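# Remarks on the overall topology
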Amino acid sequence: MNNTSKLFLIALLAGMVAVSGCNKKTRKAEGADMGDGVSTSGTGTEFGPDGKPLGEWQSGSADMLSQTRIYFAYDSSDLDVDSQAIAEAHAAYLRDNPSTRVVLEGHADERGTREYNLALGERRAQAVIDVFIALGANPANIENVSYGEENPVAEGHDESAWSLNRRVEIRYDR
Amino acid sequence: MKLSNMKKLAALLIILSGLLASPAQAVLTIEITKGVDVGIPIAIVPFSWKGAAVAGESMTKVIDADLTRSGRFDSIPQADFLQQPHNAKQVRFKDWRLIKADNLVVGSIEQSGSGVYKVKFQLLDVYSGKTLTGYQYTVQSDKLRNVAHQISDIIYERLTGEKGAFNTMIAYVTVERTKKGRRYLLQVADSDGFSPHTILASHQPLMSASWSPDARKLAYVSFEKKRSMIYIQRLSDGKRENVASFKGINSAPAFSPDGTKLAFVSSKEGNTEIYVLDLRTRAIKRLTNHHGIDTEPSWLPNGRGLVFTSGRSGQPQIYQMNTDGSGVQRLTYSGKYNARPSVSADGKLLVMISRGNGRYHVAVMDLRTKEITKLTDTLLDESPSFAPNGRMVLYATEQGNKGVLAAVSSDGRVRQSLRFLQGDVREPAWSPYLR
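In what follows, the accompanying structure is described. (Residues numbered from 1 in each chain as written. Chains lettered and ligands numbered in written order. Predicted model: local features only at pLDDT ≥ 70, side-chain atom pairs only at ≥ 80, totals over all residues.)

## Points about the sheet that holds strand S31 (residues 424-430) of chain B
All names here are of chain B. Worth spelling out the cut-off: Should DSSP find at least two bridges between two strands, the strands are taken to pair. Helical segments are the DSSP runs of H or I of at least four residues, strand segments are the runs of E of at least two, and each set is numbered from the N terminus. Throughout, an axis means a line fitted to C-alpha atoms (over the contacting stretch in the case of helices), and angles, computed between N-to-C directions, take values from 0 to 180 degrees.
Spatially, the four strands line up as an open sheet ordered S10-S9-S8-S31, and their pairing is antiparallel. Unpaired on one side and paired on the other, strand S10 (197-202) and S31 mark the two borders of the sheet. Strand-to-strand, the axes of this sheet are offset by a mean angle of 20 degrees, without reference to chain direction.

## Here's the deal with the sheet that holds strand S4 (residues 167-172) of chain A
The strands that make up a sheet pair up through hydrogen bonds in the backbone, lying either parallel or antiparallel. Residues and elements named next belong to chain A. Just so we agree on the cut-off: By the criterion used throughout, residues are in contact when their C-beta atoms, derived from the backbone, lie within 7 Å.
Strand order in the open sheet formed by four strands is S1-S4-S2-S3, and the pairing between neighbours is mixed. Pairing within the sheet leaves two strands with one partner each, and these edge strands are strand S1 (69-71) and strand S3 (142-148). Mean inter-strand twist for the sheet, computed between neighbouring axes without regard to direction, equals 20 degrees. Relative to S4, strand S2 (residues 102-107) runs antiparallel, the two sharing five bridges. Paired with Leu104 across the bridge in S4 is Ile170. Seen against the sheet, helix H4 (residues 81-96) touches S1, S2 and S4 and runs at an angle of roughly 150 degrees to S1. Of the strands in this sheet, S1, S2, S3 and S4 are in contact with helix H5 (residues 114-134), which crosses S3 at around 155 degrees.

## Here we look at the environment of A:Met64
With respect to the helices, strands and loops of the structure, A:Met64 is situated in helix H3 (residues 59-65). Sequence-wise, A:Met64 and A:His90 are 26 residues apart; in three dimensions their C-alpha atoms are separated by 7.7 Å.

## Some words on the packing of H4(A) against H5(A)
Residues and elements named next belong to chain A. Note the cut-off: Angle categories are assigned with fixed cut-offs, so that under 35 degrees is roughly parallel, over 145 is roughly antiparallel, 65 to 115 is roughly perpendicular, and the rest are oblique. Crossings are sorted by hand: turned counterclockwise from the far helix by less than a right angle, the near helix makes the crossing left-handed, and turned clockwise it makes it right-handed. Residues are grouped as follows: Ala, Val, Leu, Ile, Met, Phe, Trp, Tyr, Cys and Pro are nonpolar; Asp, Glu, Lys and Arg are charged; every other residue, Gly included, is polar.
Interaxial distance between H4 and H5 falls to 8 Å at its minimum, and their mutual angle equals 50 degrees. In terms of orientation, H4 and H5 fall into the oblique class. Relative to H5, H4 is oriented so that their crossing is right-handed. Of the residues in H5, those touching H4 at Gln84, Ala87, Glu88, His90, Ala91 and Leu94 are Val128, Val131 and Phe132. Residue composition of the contact of H4 with H5, by class: six nonpolar, two polar and one charged.

See the structure below:
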């Protein structure tokens, strides 16, 4: 990602936080599609990754913060528009909670060699970390751990399983 | 319905009889999935046996299975034999000429003490009536299988002119599903998959086992500390050492042919690069410097360079470099995915995983002509590893939703699977010659 697009994204994120709530429904639908098993928030109190209730101004990004998996295309570590939005929501959270620690766990599908996939998993996690750091998260609090193809969440040998396994998991230290 | 039940019963009986014969043997079956028509004709007469138990036949079965698996022999069925000689003097050569057994193996096993046996065998040329070779061994009972593999090696070398690789070992990772999640076992076994031993068990992934050239140690990657780190473990006593635990990835260990260095991959400087660790001085030298993925280093057998996988062209391809990282040259140009290279002991062939039509198969490249031959056509093949004589390639594949090990001859003519009854099996590595 070049610097111009990074600046654009920072601007976009600022706008997103300001007009909170407007992209709520689309994120929710996709969370379900991705089958990540995370239920998005209803009308009750919303909780941040630290388990504490979110303040009123943050509720717009809460749905995105509840999405802790980011998915990728085959042999790619590029973030698509949706993934970018999820990463940015977490980046903003980390920026505003500078003592929070996070582990980015990179994964690959089973195709191709195990060692290449280990490197690919790390690249995917790094792509998310790049967004975090660009948006002001503290690099010292972020760890990149790749599991390559060793820890699949779906066991099948087809695209429906593979697409779920090509992922980065955002894990907050509680 | 009835027929299929009968088949199931028959299959069950085979498994049960395996269990009764030996617990160690019950874990796997070997199936030749592709064979050859023309092999060297050989008759192996069950060895005579004097002692506590009947093991003469099982020893000859091991030899028979070894030679058949190589794809270079045509073993004559025992039902055709007209006599059962146990040494050269007892042989009526015309009986063997009649059944076109060009080569004949005879032998005997005698108990010579408590748990100690004397094994004798002779390889005979049926047409000249001459003894081609013969040896005598004194062994403990638990080494009878190893001696059988040594005899296979001698027969193989005498009749093909090439060194045999039966008396070697394999390392691999078995994955079991338990209530606490996946359990990973790093195991070593004889080259035919028998006598497996677990050298490490973990609830976190294990991968990338690599043999030291003296076959006494294994380097591997373990996630036991919740991220990848490299260990070197001695097989004799299980003693091990963590040799790479830098920030980021620590993976793809590969011993140099002289055993003094370990090539490995680390992302400690921000990107996956290939490094070499001097095992005596502990000095670390970086070999690659590229923003693409560089991984899967493997030494040339002469120790003068390494082959590796790099994503520097935009997709994984195979490259070669000198041991100081200079002289990088690309070796593969066809296809969009070529990875995990390793070179045969004679330096002539390179084996790798290549993608074609959405399948990941084992392929070999002739390093002189650069010609590539596809050896397998399965969907998800991984981790190809040459036998130390370069004639066979061991690899991992999927069969019925389970990881299995399979072997294919380097010319693609013979293929077989080693099927383990428990767990998924993956990441095989064929040992060097045992010294």
